[in-house]
Structures are given as structure tokens and as C-alpha cells.
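# Commentary on secondary and tertiary structure
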Amino acid sequence: MEAQTKATILHDIVQKMGAGGAEITTAAWLEFTKAQNDGYQTGPEIGEKVPDFSLPDQNGAMRFAPRSCRPNGLLLVFSRSAGW
């Protein structure tokens, strides 16, 4: 994706987020993700089943994916550390 296109997409989403985010469509968010990641796929597709796993939460307690799921699914967010 060319730099100007990426900049336009990123600017549009940041502007909409600053206004409360109500106008952000799924298609716009997917383009935003694509612009950030240069087209790299960063995980399972929406609705795709993932294998069972466990991870420690922010307090060190182990959480097991199958037990943590609710009827609408599970949102798992990873963030980068400043010390990478």
C-alpha cells in the first residue's frame, strides 16, 4: 500500500475516533488494520475457531480460553511492550 493511501486511511480513522467513533464501519476498520500492518495477517479470521490455550492474566491467575468464553465469544487483546 502506498504511503499516501496509508496516511489518508490512518488520518480518517483517528479523526473518527476523536469524534467518538460512531461512524467507523467494519470495512473502514479492516482497511485501517491493513494500513497499519502492511497487509500482514495478524491472527485468526473473524469467527475462526482457535485451539484451546491458557494464559496468565494481569494478576498472574491462569485463564483458560474454553472456560473464559461467553455466549458471544471472547475478545483477547495483546499489546506490545515498550521493552521489546
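Summarised in this report is the structure supplied together with it. Just so it is clear, the model here is predicted, and its values are computed rather than measured.

As a further point, take the overall build of the protein chain. Looking only at helices and strands, the protein chain has three helices and two strands in total. Beginning at the N terminus, the succession of helices and strands in the protein chain can be written as α-α-β-β-α. The buried share among the 84 residues of the protein chain stands at 11%. A separation threshold of at least 6 residues defines the contact pool for the protein chain, and within that pool the share at least 24 residues apart is 21%. Accessible area for the protein chain stands at about 7,400 Å²; split by element, carbon and sulfur atoms hold 55% of it.

Let us now look at the packing of aromatic side chains. The description of an aromatic ring pair rests on the distance of the ring centres and on the angle between the ring planes. Taken as a whole and assessed by the stated rule, the structure comprises one aromatic pair. A centroid spacing of 4.9 Å and a plane angle of 45° characterise the contact between W29 and F32, whose relative ring orientation is tilted. Here W29 and its partner F32 are both found in helix α2 (residues 26-37), three residues apart, which amounts to about one turn of the helix.

Okay, the packing of helix α1 (residues 3-18) against α2 next. Helix-helix packing is described using two parameters, namely the angle between the two axes and the distance between the axes. Interhelical geometry of α1 versus α2 gives an angle of 130° and a closest axis separation of 9 Å. Put simply, α1 runs oblique to α2. Note on packing geometry: the crossing formed by α1 with α2 is left-handed. Contact residues: K6, I9, L10, I13 and M17 in α1; A28, W29, E31, F32, A35 and Q36 in α2. Taken together, the residues that form the contact of α1 with α2 break down as eight nonpolar, one polar and two charged.

Turning to the nonpolar core, a few remarks are in order. Among the nonpolar cores identified, the biggest contains five residues, and these are I9, I13, A28, F32 and A35. Elements that contribute at least two residues to this core include exactly α1 and α2. Per element, the largest residue contribution to this core is three residues, and it comes from α2. With residues near it in sequence (within four places) discarded, A35 still touches M1, K6, I9 and L10.

Calculation notes
- Residues numbered from 1 in each chain as written.
- Predicted model: local features only at pLDDT ≥ 70, side-chain atom pairs only at ≥ 80, totals over all residues.
- Heavy atoms only, no water.
- Helix = DSSP H or I, 4+ residues; strand = E, 2+ residues; numbered from the N terminus.
- Buried < 20%, exposed > 50% of the residue type's maximum accessible area, 1.4 Å probe, protein only.
- Contact = heavy atoms within 4.5 Å.
- Areas by Shrake-Rupley, 256 points an atom, 1.4 Å probe, with all protein chains shown as cover.
- Phe/Tyr/Trp six-rings, centres within 6.5 Å; stacked < 30°, edge-to-face > 60°.
- Axes fitted to C-alpha atoms, helices over the stretch in contact; angles between N-to-C directions.
- Parallel < 35°, antiparallel > 145°, perpendicular 65-115°, else oblique.
- Left-handed = near helix turned anticlockwise from the far one by under 90°.
- Nonpolar A, V, L, I, M, F, W, Y, C, P; charged D, E, K, R; others polar.
- Core = buried A, V, L, I, M, F, W, Y, C linked by side-chain atoms within 4.5 Å.

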